[in-house]
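A look at the structure
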Amino acid sequence: MESNAHPIPFDLQKADIKGQLPKHIAIIMDGNGRWASEHSLTRSAGHKRGVEAVRSAVTGAAEIGIAYLTLYAFSSENWARPVEEVNDLMGLLRLYLSREIKTLDEKNVKLKVIGRRTGLANDILAMIAKAEERTVNNTGLTLIIALNYGARQEIIDCTKKIVKQVAESSLHPDEIDEKVFENNLETAGIPDPDLLIRTSGEVRLSNFLLWQLAYTEFCFLDLYWPDFTKDTLLNAIHDYLGRSRRYGARP
Ligand code: IPE
Ligand code: IPE
Ligand code: MG
């Protein structure tokens, strides 16, 4: 797999580029296991290196001036992995939440977690609540961690909320439109991603943000997540800047 071979291709400080930067970048962080086996390491070691790549991505996005970064950390389908691996991933999450939150707060990062809360351990739920509360007034990068997240589940939960409002007569069925739907998703208030990046060479969404990605630009990269750096992010943004977003209209 290739690493970050290309030099940084553009000047971020240029005003015209600043205005066109993606506001929201979403990333499917994939390939920790394959990275590990390529380096004759355990999957657990691969996930550990993956956390380092998370640091690079978060710092990089904040430095570049991205407003929202969503990271797919654990899908609702990842429970199907061996229990040892699930425990490893949850352990790393505990470490990240306990060790990183001070730095994130100092960097003015606001943390938000999306995904079903049921199924997560109580101590993790407490850490999430604490981290979200501590950073709630921060005004820099909003870091959204998708944990125990599945887009189909999110759409079902959203539908249930809307049906409840209709049953309670606070909403009329004719009032249901895209805005109502969006306001009842977990990403309410967050603009749709402009750019989706998936590492590892796989070309699929794996149940990630199905509603929100309707008009997102996709960038599938042939490198494993632990090799992701700020330069990888810059190159993906450069690729994005060359796209013509038409939304069904004519350019
Ligand atoms: C991504 O790496 C981490 C999670 C999905 C939690 P993988 O563990 O999926 O690595 P591969 O895809 O098996 O290489
Ligand atoms: C997607 O990766 C989920 C995360 C990155 C958290 P997977 O490795 O679970 O996806 P599939 O199983 O290859 O589709
Ligand atoms: Mg994978």
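For the structure, see preceding data.
Here's the deal with the overall build of the chain
A count of helices and strands for the chain gives eight helices and six strands. When its helices and strands are written in sequence order, the chain yields α-β-α-α-β-α-β-α-β-α-α-β-β-α. Here the C-alpha radius of gyration of the chain, 19 Å, is about what a compact globule of 251 residues would show, namely 18 Å. Overall, the C-alpha framework of the chain stretches about 55 × 50 × 35 Å when taken along its three principal axes. Buried residues in the chain amount to 44% of all 251 residues. Within the chain, contacts between residues at least 6 apart in sequence are counted, and of these 77% link residues at least 24 apart. Carbon and sulfur atoms make up 51% of the accessible area of the chain, which amounts to about 13000 Å² in all. Treating the 31 positive side-chain charges of the chain as one cloud and the 34 negative ones as another, the clouds have centres 2 Å apart.

Quick look at the site of ligand 1
Neighbouring ligand 1 are 13 residues; Asp30, Gly33, Arg34, Arg43 and Arg81 lie closest to it. Contact between ligand 1 and Arg81: an oxygen atom at 2.7 Å from a side-chain N or O atom of the residue. For ligand 1, whose accessible area on its own is 380 Å², the fraction buried by protein is 87%. Elements that contribute at least two residues to the shell around ligand 1 include exactly helix H2 (32-38), helix H3 (43-64) and helix H4 (83-106). With three residues, H2 is the single largest residue contributor to the shell around ligand 1.

Things to note about the site of ligand 2
Taken together, Ile28, Met29, Asp30, Tyr72, Ala73, Phe74, Ser75, Asn78, Arg81, Arg198, Arg204 and Ser206 make up all the residues around ligand 2. Between an oxygen atom of ligand 2 and a side-chain N or O atom of Asp30, the distance comes to 3.2 Å. Measuring from an oxygen atom of ligand 2, one finds a side-chain N or O atom of Arg81 at 3.1 Å. Burial of ligand 2 by the surrounding chains reaches 77%, relative to a free accessible area of 390 Å². Here the shell around ligand 2 takes four residues from strand S2 (residues 68-75), the largest share from any one element. Across the shell around ligand 2, the residue classes tally to five nonpolar, three polar and four charged.

Cut-offs and rules
Residues numbered from 1 in each chain as written. Chains lettered and ligands numbered in written order. Predicted model: local features only at pLDDT ≥ 70, side-chain atom pairs only at ≥ 80, totals over all residues. Heavy atoms only, no water. Helix = DSSP H or I, 4+ residues; strand = E, 2+ residues; numbered from the N terminus. Rg over C-alpha atoms; globule rule 2.2 N^0.38 Å. Buried < 20%, exposed > 50% of the residue type's maximum accessible area, 1.4 Å probe, protein only. Contact = heavy atoms within 4.5 Å. Areas by Shrake-Rupley, 256 points an atom, 1.4 Å probe, with all protein chains shown as cover. Lys, Arg positive; Asp, Glu negative; His and termini not counted. Charge placed at Lys NZ, Arg CZ, Asp CG, Glu CD. Near = heavy atom within 4 Å. Polar contact = N/O pair within 3.5 Å; in protein donor to acceptor, adjacent residues only side chain to side chain. Nonpolar A, V, L, I, M, F, W, Y, C, P; charged D, E, K, R; others polar.

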